[in-house]
Amino acid sequence: MARRFNVHMKKKKYGKRQRNKVAMQQSKIKFQIKQAKQHVVNLSMKTLTDNEYLLLSKGLKFIPAPALKGAKNDLMRDFNEFARKLRCKFLFYSKNENIHPFRENSKYEPHYSCDALENYIFQTKHELSSMQPRRFRDNLKPGERSSISSLLRDKSILIKKADKSNNVVVLDKSIYLSEAYRQLQSHHYTSLDGFDFKVLRNNINDYVTRMHIHNEIDEISFKYMINGNQKNYGPGQMHILPKIHKINFVDYDNVMRIGFNIDLIVPPGRPIISQIGLGINKHSELGVPGHTRLPDDDRVHEKTDF
């Protein structure tokens, strides 16, 4: 009888420990979700799941653990580039020449440097090629990883970083576009009809060529600007960062409490113009003559309505 009682008590204690363990895990998950909702502002009509909140709270710079497929090939490709730089360092170390700030990379690949360095490169490459990548712990839970696909498939929302904070903002695409069009229709921007970028490219090439002929720029700078100008490029791209700190406190509190944008609040945005690939980004680095400073009245200032 005593033995049966002891077995019964052990099972009872084990069940109690398991229930306490599950309760602690659930309370931990609830706390994580509560903390995540403080860093994600949902200004869309979409109701986010708990896993989507946990995923977005990690920030837009968070990198999910990659798959092991192709990891070894990437490692060997990176080592080959490292070996190329080692050989170049050895061959050109004694040359104390001033490097031109606008020199294009030569992509030179020396095949041999010295016996000691080549022996090191060969042995290291042999060891790396014989290594087998180990599986590592996933930094996302299964529900959070599936949320990546669900958010990518939803074309009705946009996910942006908030202006002047690290919060992540979820916006309806229609609200985002309406704010962008409102700013483009202001006096800060001008619509150009029938603008031809091929003509702009030819004009820039002619201007740079004349500067080179009159010895205003050297040969290296000339090649730097011409090569950068021959790439396929288009107009600058504009995107906006939502200014959630400009939203009324009562409206902001309602959004954070309800979890979605029930009042269709349109936050003001900070315009960001990306000039990468614009065709004149390399020319601005040289300080081409003729560029003047805009008057104070024509420059964009920080305003509540902009």
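Rules used throughout
- Residues numbered from 1 in each chain as written.
- Predicted model: local features only at pLDDT ≥ 70, side-chain atom pairs only at ≥ 80, totals over all residues.
- Heavy atoms only, no water.
- Pairing = 2+ DSSP bridges.
- Helix = DSSP H or I, 4+ residues; strand = E, 2+ residues; numbered from the N terminus.
- Axes fitted to C-alpha atoms, helices over the stretch in contact; angles between N-to-C directions.
- 1 Å grid on protein atoms, 1.4 Å probe; cavity = no way out; pocket = protein on both sides within 12 Å on 5 of 7 lines; lining within 4 Å.
- Points joined across faces, edges and corners; volume = space filled by probe spheres on them.
- Nonpolar A, V, L, I, M, F, W, Y, C, P; charged D, E, K, R; others polar.
- Parallel < 35°, antiparallel > 145°, perpendicular 65-115°, else oblique.
- Contact = heavy atoms within 4.5 Å.
- Core = buried A, V, L, I, M, F, W, Y, C linked by side-chain atoms within 4.5 Å.
- Buried < 20%, exposed > 50% of the residue type's maximum accessible area, 1.4 Å probe, protein only.
- Phe/Tyr/Trp six-rings, centres within 6.5 Å; stacked < 30°, edge-to-face > 60°.
- Lys NZ or Arg CZ within 6 Å of the ring centre and 35° of its normal.
- pLDDT = per-residue confidence, 0-100.

K.L.:
For the sheet that holds strand β3 (residues 168-172), give the residues involved together with the corresponding values.
P.N.:
Judged by pairing direction, the sheet is mixed, and its three strands sit side by side in the order β1-β3-β2 without closing on themselves. The outermost strands of the open sheet, each flanked by one partner alone, are β1 (40-43) and β2 (157-161). Mean inter-strand twist for the sheet, computed between neighbouring axes without regard to direction, equals 20 degrees. Across five bridges, the pairing between β2 and β3 is antiparallel. Paired with Lys-161 across the strands is Val-168, a residue of β3.

K.L.:
With reference to specific residues and values, describe empty space enclosed by the protein.
P.N.:
All told, the structure shown has one cavity of 30 Å³ or more when counted by the stated rule. Considered as a void within the structure, the largest cavity measures approximately 40 Å³ in volume. Around the largest cavity, the lining residues are Leu-171, Ile-175, Tyr-176, Glu-179, Ile-240, Pro-242, Val-266, Pro-267, Pro-268 and Gly-269. Elements that contribute at least two residues to the lining of the largest cavity include exactly α6 (173-184) and β4 (237-242). Examining the composition of the lining of the largest cavity, we find that three residues originate from one element, α6, more than from any other. Of the residues assigned to the lining of the largest cavity, the class counts are eight nonpolar, one polar and one charged.

K.L.:
Describe the packing of helix α3 (residues 71-91) against helix α4 (residues 115-130), naming the residues involved and giving the relevant values.
P.N.:
Running from amino to carboxyl end, α3 crosses α4 at an angle of 175 degrees, the nearest separation of the two axes being 11 Å. With respect to α4, the axis of α3 lies roughly antiparallel. Note on element contacts: α4 touches α3 through Leu-117, Glu-118, Tyr-120, Ile-121, Thr-124, Lys-125, Leu-128 and Ser-129, opposite Lys-72, Leu-75, Met-76, Phe-79, Asn-80, Phe-82, Ala-83, Leu-86, Arg-87 and Phe-90. Residues of the contact of α3 with α4, tallied by class, amount to 11 nonpolar, three polar and four charged.

K.L.:
Break down the environment of Phe-79 for me, with residues and values.
P.N.:
Topologically, Phe-79 is positioned in helix α3. Considered as a pair, Phe-79 and Ile-121 are 42 residues apart in the sequence and their alpha carbons are 9.1 Å apart.

K.L.:
Talk me through the nonpolar core; I want residue IDs and the actual numbers.
P.N.:
Val-40, Leu-48, Tyr-53, Leu-56, Leu-151 and Val-170 are the most contacted members of the largest nonpolar core, which totals 13 residues. Where this core is concerned, the elements lending two or more residues are α1 (2-37), α2 (50-56) and β3. Counting residues per element, this core draws most heavily on α2, which supplies four residues. By size, the runner-up hydrophobic cluster in this structure holds 11 residues, among which are Val-169, Ile-244, Ile-247 and Val-255.

K.L.:
Describe the packing of aromatic side chains, listing the residues and the values that go with them.
P.N.:
Taken as a whole and judged by the stated rule, the model has two aromatic pairs. Geometrically, the ring pair formed by Phe-79 and Phe-82 is tilted, given 6.2 Å between the ring centres and 45 degrees between the ring planes. You can see Phe-79 and its partner Phe-82 sitting in helix α3, three residues apart, about one turn around the helix. Accessibility expressed as a relative area gives 7% for Phe-79, which makes it buried. With relative accessibility at 40%, the residue Phe-82 sits in the partly exposed group. Both rings, one in Phe-92 and one in Tyr-108, keep their centres 6.0 Å apart while their planes meet at 75 degrees; by these two values the pair is edge-to-face. Taken together, the residues Phe-92 in the loop between α3 and α4 and Tyr-108 in the loop between α3 and α4 connect sequence positions 16 residues apart. Residue class for Tyr-108 comes out partly exposed when judged on its relative accessible area of 41%. Over the aromatic face of Tyr-53 sits the side chain of Lys-37, whose NZ or CZ is 5.3 Å from the ring centroid.

K.L.:
So what about the confidence of the model for the chain? Which residues, and what values?
P.N.:
Chain-level pLDDT for the chain is 80 on average; 83% of the residues reach the 70-or-more range. A low-confidence stretch, residues 289-296 stays under pLDDT 50, and its non-local contacts, those more than four residues away or across chains, total five contacts. Contacts from residues 302-306, a stretch scored under 50 in pLDDT, to residues over four places away or in other chains number 17 contacts.

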